[in-house]
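Descriptive analysis of the structure
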Amino acid sequence: MEGKYINPYTDFGFKKLFGTEMNKELLISFLNSLFEGHEEIRDITYRNSEQLGSGMVDRKAVFDVYCENIAGERFIVEMQKAEQNYFKDRSVFYATFPIREQAQRGDWDFQLKGVYTVGILNFVFPDDEYADDCMHHEVKLMDVEDKHVFYDKLTFVYLEMPKFRKTEDELVTMFDKWLYVLRNLSRLMERPAALQERVFTRLFEQAEIAKLSPKELFDYEESVKVYRDLINVVETARQKGERSGMEIGLEKGRAEGRAEGRAEGRAEGRAEGRAEGRAEGIEMGVNQNKMENARRMKQKGYSTEDIAEITGLGKDEIDAI
């Protein structure tokens, strides 16, 4: 394998570092740095990451990491490797499971514990929704008139990781350091001098590829293959969309016969091409990589929901492989 440390953007890497009982101090440290004192997490209990619907035909949800603190608050932590249509809808849907599971039989006053969904995103939100230097978003239910928080027990936190560009010399807070690790771990050849806290000693020990067991190494290699296939599909779609957009823009520019028309056409075509490319990316992923990726993941014991999320295949298609 290339590199010295595992890639936390892979399913194996993320769950090994943050989803195992033996490494829960890593997750506790990351969450405490994320909430910067607003939440103080001393201990967590991992909960079942596979959530079932109310009935046999209801859709399930499978979280990357799902845990509960001593106060009974629930935390969903997800590594989102590529942009998806209706990503925000999916986040809200996932949050309904830890809300509903708090329901009690018999007399109940509907009092709920807090639910937090943390999304670590390997993409940026589209359409310039946020400024380029704004990568940390905390979302709550808000009164649109006077802007106060209407309900503070449901929180969505999104981290647009491509926007994090701090160098080692610029790391100040623990949050900075955790983002630096997540962004750069697989490219590092040694532990940076700025990361001297004890928790990072644990992280680098657990992340070293040379210390993986033969089975872990095999599982990691398979996870890397799936991750690279997904990234290649997204990048191919982006390039195809930009080429298509340029062609549309040039054609419009020629038709109008004016320099102004060419510039406008290129810009408009590029925008249309990117949107078209996203849609085509899903189709390309299905047509070119879905069967091979799904077959490999199924052999490794991935759940049907994980395979469906990564490949875009339906349950029936996966069962038929």
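Above this note sits the structure.
Keep in mind that this is a model prediction, so the values were computed, not measured.

What counts as what
Residues numbered from 1 in each chain as written. Predicted model: local features only at pLDDT ≥ 70, side-chain atom pairs only at ≥ 80, totals over all residues. Heavy atoms only, no water. Core = buried A, V, L, I, M, F, W, Y, C linked by side-chain atoms within 4.5 Å. Buried < 20%, exposed > 50% of the residue type's maximum accessible area, 1.4 Å probe, protein only. Helix = DSSP H or I, 4+ residues; strand = E, 2+ residues; numbered from the N terminus. Contact = heavy atoms within 4.5 Å. Phe/Tyr/Trp six-rings, centres within 6.5 Å; stacked < 30°, edge-to-face > 60°. Pairing = 2+ DSSP bridges. Axes fitted to C-alpha atoms, helices over the stretch in contact; angles between N-to-C directions. Salt bridge = Lys/Arg side-chain N within 4 Å of Asp/Glu carboxyl O. 1 Å grid on protein atoms, 1.4 Å probe; cavity = no way out; pocket = protein on both sides within 12 Å on 5 of 7 lines; lining within 4 Å. Points joined across faces, edges and corners; volume = space filled by probe spheres on them.

Describing the nonpolar core
Ranked by size, the top nonpolar core spans 50 residues in total, and within it F18, L27, F30, L31, I120 and L159 carry the most contacts. Per element, the largest residue contribution to this core is seven residues, and it comes from helix α2 (residues 24-35). Beyond its immediate chain neighbours, meaning those up to four positions away, I120 contacts F14, F30, V77, E78, M79, Q80, L159, M161 and L182. Core analysis: the second largest hydrophobic core is formed by nine residues, A95, F123, F125 and F156 among them.

Remarks on the packing of aromatic side chains
With the rule as written, the count across this model stands at 22 aromatic pairs. Between F12 and Y220, the ring centres sit 5.7 Å apart and the planes meet at 50 degrees, which makes this aromatic pair tilted. Here Y220 lies in helix α6 (residues 214-256) and F12 lies in helix α1 (residues 11-18), a separation of 208 residues in the sequence. Among the residues examined, F12 registers a relative accessible area of 15% and is labelled buried. Aromatic side chains F156 and Y158 sit 6.4 Å apart centroid to centroid with 15 degrees between the ring planes, which places their arrangement in the stacked category. Look at F156 and you get buried, because its relative accessible area is 8%. Classification of Y158 as buried rests on a relative accessible area of 7%. These aromatic residues form a ring-pair network of at least three members: F87, F123, F125, Y130, F156 and Y158.

Looking at the pairing of strand β7 (residues 136-142)
Remember that side chains alternate between the two faces of the sheet whenever the strand is regular. Bridge count between β7 and strand β8 (residues 149-160): six bridges; the pairing is antiparallel. Bridge pairing in β8 places M142 opposite V149. If you look at the hairpin formed by β7 and β8, you'll find six residues sitting between the two strands, and K147 has a positive phi there, around 65 degrees.

A word on the sheet that holds strand β6 (residues 115-121)
Spatially, β1-β4-β5-β6-β8-β7 is the arrangement adopted by the six strands of the open sheet, whose pairing is mixed. Taken across any chain shown, the strands that pair with only one partner, and hence form the sheet edges, are β1 (44-46) and β7. For this sheet, the mean angle separating the axes of adjacent strands, direction not counted, is 25 degrees. Where α2 meets the sheet, it contacts β1, β4 (65-69), β5 (74-80), β6, β7 and β8, and its direction lies at approximately 95 degrees from that of β6.

Quick look at the pattern of salt bridges
On inspection of all chains with the given rule, the structure shows 18 salt bridges. R198 serves as the salt-bridge partner of E25, at 3.1 Å between the closest nitrogen and oxygen. Here E25, found in helix α2, pairs with R198, found in helix α5 (residues 198-207); they are 173 residues apart in sequence, far enough to count as distant. Accessibility expressed as a relative area gives 62% for R198, which makes it exposed. Between R47 and E101 there is a salt bridge whose closest N-O contact spans 3.2 Å. With R47 in the loop between β1 and β2 (50-51) and E101 in the loop between α3 (87-100) and β6, this pair connects stretches of sequence that are 54 residues apart. Of the residues examined, E101 reaches a relative accessible area of 29% and is grouped as partly exposed. Beyond isolated ion pairs, a larger network of salt bridges with shared partners links R47, E68, R74 and E101.

Notes on empty space enclosed by the protein
The tally for this structure, following the rule as stated, stands at three cavities of 30 Å³ or more. Space inside the largest cavity adds up to approximately 70 Å³. Lining the largest cavity, in full, are E78, Q80, F87, R90, S91, Y94, T117, V118, G119 and L121. Taken together, the elements giving at least two residues each to the lining of the largest cavity come down to β5, α3 and β6.

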